Amino acid sequence: MTAKLILLRHGESEWNSKNLFTGWVDVDLNEKGEGEARHAADLLKEENLLPDVVHTSLLRRAIHTAYLALDGCDRHWIPVRRSWRLNERHYGALQGLNKAETKEKYGNDQFMAWRRSYDVRPPDLEHDGEYSQFNDPRYADIPEAERPVAECLKDVVARMVPYFTSDIAADLAAGKTVLVAAHGNSLRALVKHLDEISDEDIAGLNIPTGIPLLYELDDDLKPVTKGGRYLDPEAAAAGAKAVANQGSK
Ligand code: DG2
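Quick caveat, the model's predicted, so the values are computed rather than measured.

**Q** For this particular structure, what's the right way to read the overall build of the protein chain?
**A** When you go through the protein chain residue by residue, the secondary structure sums to eight helices and six strands. A compact globule built from 249 residues should have a C-alpha radius of gyration of about 18 Å, and the protein chain, at 17 Å, falls within 12% of that. Evaluated residue by residue, the protein chain yields a buried proportion of 55% over its 249 residues. A fraction of 77% describes how many contacts in the protein chain between residues 6 or more apart in sequence connect residues 24 or more apart. Of the accessible surface of the protein chain, which amounts to about 11200 Å², a share of 47% is contributed by carbon and sulfur atoms. Charged side chains of the protein chain number 31 positive and 41 negative; the gap between the two group centres comes to 1 Å.

As structure tokens, then:
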């Protein structure tokens, strides 16, 4: 039997539309993003893919997306599990900066290294910086020494995969259809793990907002089909291209 895992990046956020690095800053969906989340519900309903349990990050754009998507397919009542391990990568001192301006100021190589390299971290965010979450009570359980102040994708893989192999895997093994509502980079980390994508090749993978990506997994939790299947492949391809181009004005 195959297990069903549905990955959903949140709908467009207030800061996605302004082209700002967001990371752990807790911005909400904009109107378009709410519509995308509702449309995700329609796509799930069309295929009768009804989640039994949902895992989200601790950020409202993912939480809100999960709620709208589940409400739209009458699954608002299912168990919810949340973890900071599904949060977006912490974008460090880049949080709050405009992506196109950052590219112009530092050049494309540095911009791409910060944005898409596997192991180059952005500069650390000071604990008292305007967009710091260091003292946010929702992260009090993370020991201070481990609480992120800037992460590269490798860091996200290191903190996200243990959650996948424990909590998410347990739900999949129990035969549940699992929805994971998360973020561009936490989902890139998960896709990298599932599809065994190399550190180099993951740079070219972009996840669009608001379109469910279905993975059918075998007993070893390996994808039956590499890359899974977007429920709206055309919109997903256009959305991924738009994400890739976010450095342009
Ligand atoms: C975006 C991803 O995260 O940005 O933090 O700016 O998925 O939470 O909107 P999300 C951010 P890129 O890495 O694609 O620039």
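**Q** How should I be thinking about the UniProt feature "site: Transition state stabilizer" (unreviewed entry) in the protein chain in this particular structure?
**A** In this numbering, the UniProt entry assigns the feature "site: Transition state stabilizer" (unreviewed entry) to His183. Following the sequence through the fold, His183 ends up in the loop between β4 (178–182) and α7 (184–195). Dropping the residues within four chain positions of it, His183 is found in contact with Arg9, His10, Ser57, Leu59, Arg61, Ala62, Leu86, Asn87, Glu88 and Arg188.

**Q** I keep staring at the pairing of strand β1 (residues 3–9) and nothing clicks. Help me out?
**A** Successive side chains on a regular strand alternate, one facing one side of the sheet and the next facing the other. In terms of residue burial, β1 counts as a mostly covered element, since six of its seven residues are buried. Two elements, β1 and strand β5 (residues 213–217), share five bridges in a ladder whose sense is antiparallel. By the bridge assignment for β5, Leu5 is matched with Tyr215.

**Q** Could you clarify how one ought to interpret the confidence of the model for the protein chain in this entry?
**A** Detailed reading of the predicted model is not advised wherever pLDDT is low. For the protein chain, per-residue confidence averages 97 on the pLDDT scale, and 100% of positions sit at 70 or higher. The complex model carries a pTM of 0.97, and its ipTM stands at 0.96.

**Q** What am I meant to see in the site of the ligand here?
**A** Surveying the vicinity of the ligand reveals 18 residues, the closest of which are Glu88, Tyr91, Arg115, Arg116 and Gly184. Contact between the ligand and Asn16: an oxygen atom at 2.9 Å from a side-chain N or O atom of the residue. Arg115 places a polar side-chain atom, nitrogen or oxygen, 2.5 Å from an oxygen atom of the ligand. Listing elements by their share of the shell around the ligand, those giving two or more residues are α5 (108–116) and α7. Looking at the shell around the ligand residue by residue, the classes come out as four nonpolar, eight polar and six charged.

**Q** Explain the sheet that holds β4 here, please?
**A** In any sheet, the strands associate via hydrogen bonds between backbone groups, in a parallel or an antiparallel arrangement. Strand order in the open sheet formed by six strands is β3-β2-β4-β1-β5-β6, with mixed pairing between adjacent strands. The strands lining the two open edges of the sheet, one partner per strand, are β3 (80–82) and β6 (229–230). Against the sheet, helix α3 (residues 60–72) makes contact with β1, β2 (53–56), β3 and β4, and its axis sits at roughly 160° relative to β2, the strand it touches most.

**Q** How should the environment of Lys18 be read in this particular structure?
**A** Among the secondary structure elements, Lys18 is positioned in the loop between α1 (14–17) and α2 (31–46). Once the C-alpha coordinates of Lys18 and Lys99 are considered, the two residues, 81 residues apart in sequence, prove to be 9.1 Å apart.

**Q** Help me understand the packing of helix α6 (residues 153–173) against α7 in this model?
**A** Packed helices, taken two at a time, are described by the angle between their axes plus the distance between the axes. It is the contact of α6 with α7, at a shortest axis distance of 9 Å, that shows an interaxial angle of 70°. Between α6 and α7, the crossing angle belongs to the class labelled roughly perpendicular. Like other packed secondary-structure pairs, α6 and α7 cross with a definite hand, here right-handed. Note on element contacts: α7 touches α6 through Asn185, Ser186, Arg188, Ala189, Leu190, Lys192, His193 and Leu194, opposite Leu153, Val156, Val157, Met160, Val161, Phe164 and Thr165. Residue composition of the contact of α6 with α7, by class: nine nonpolar, four polar and two charged.

What counts, and where the lines are drawn
- Residues numbered from 1 in each chain as written.
- Predicted model: local features only at pLDDT ≥ 70, side-chain atom pairs only at ≥ 80, totals over all residues.
- Heavy atoms only, no water.
- Helix = DSSP H or I, 4+ residues; strand = E, 2+ residues; numbered from the N terminus.
- Rg over C-alpha atoms; globule rule 2.2 N^0.38 Å.
- Buried < 20%, exposed > 50% of the residue type's maximum accessible area, 1.4 Å probe, protein only.
- Contact = heavy atoms within 4.5 Å.
- Areas by Shrake-Rupley, 256 points an atom, 1.4 Å probe, with all protein chains shown as cover.
- Lys, Arg positive; Asp, Glu negative; His and termini not counted.
- Charge placed at Lys NZ, Arg CZ, Asp CG, Glu CD.
- UniProt positions renumbered as here; feature names shortened; annotations may be inferred.
- Pairing = 2+ DSSP bridges.
- pLDDT = per-residue confidence, 0-100.
- Near = heavy atom within 4 Å.
- Polar contact = N/O pair within 3.5 Å; in protein donor to acceptor, adjacent residues only side chain to side chain.
- Nonpolar A, V, L, I, M, F, W, Y, C, P; charged D, E, K, R; others polar.
- Axes fitted to C-alpha atoms, helices over the stretch in contact; angles between N-to-C directions.
- Parallel < 35°, antiparallel > 145°, perpendicular 65-115°, else oblique.
- Left-handed = near helix turned anticlockwise from the far one by under 90°.

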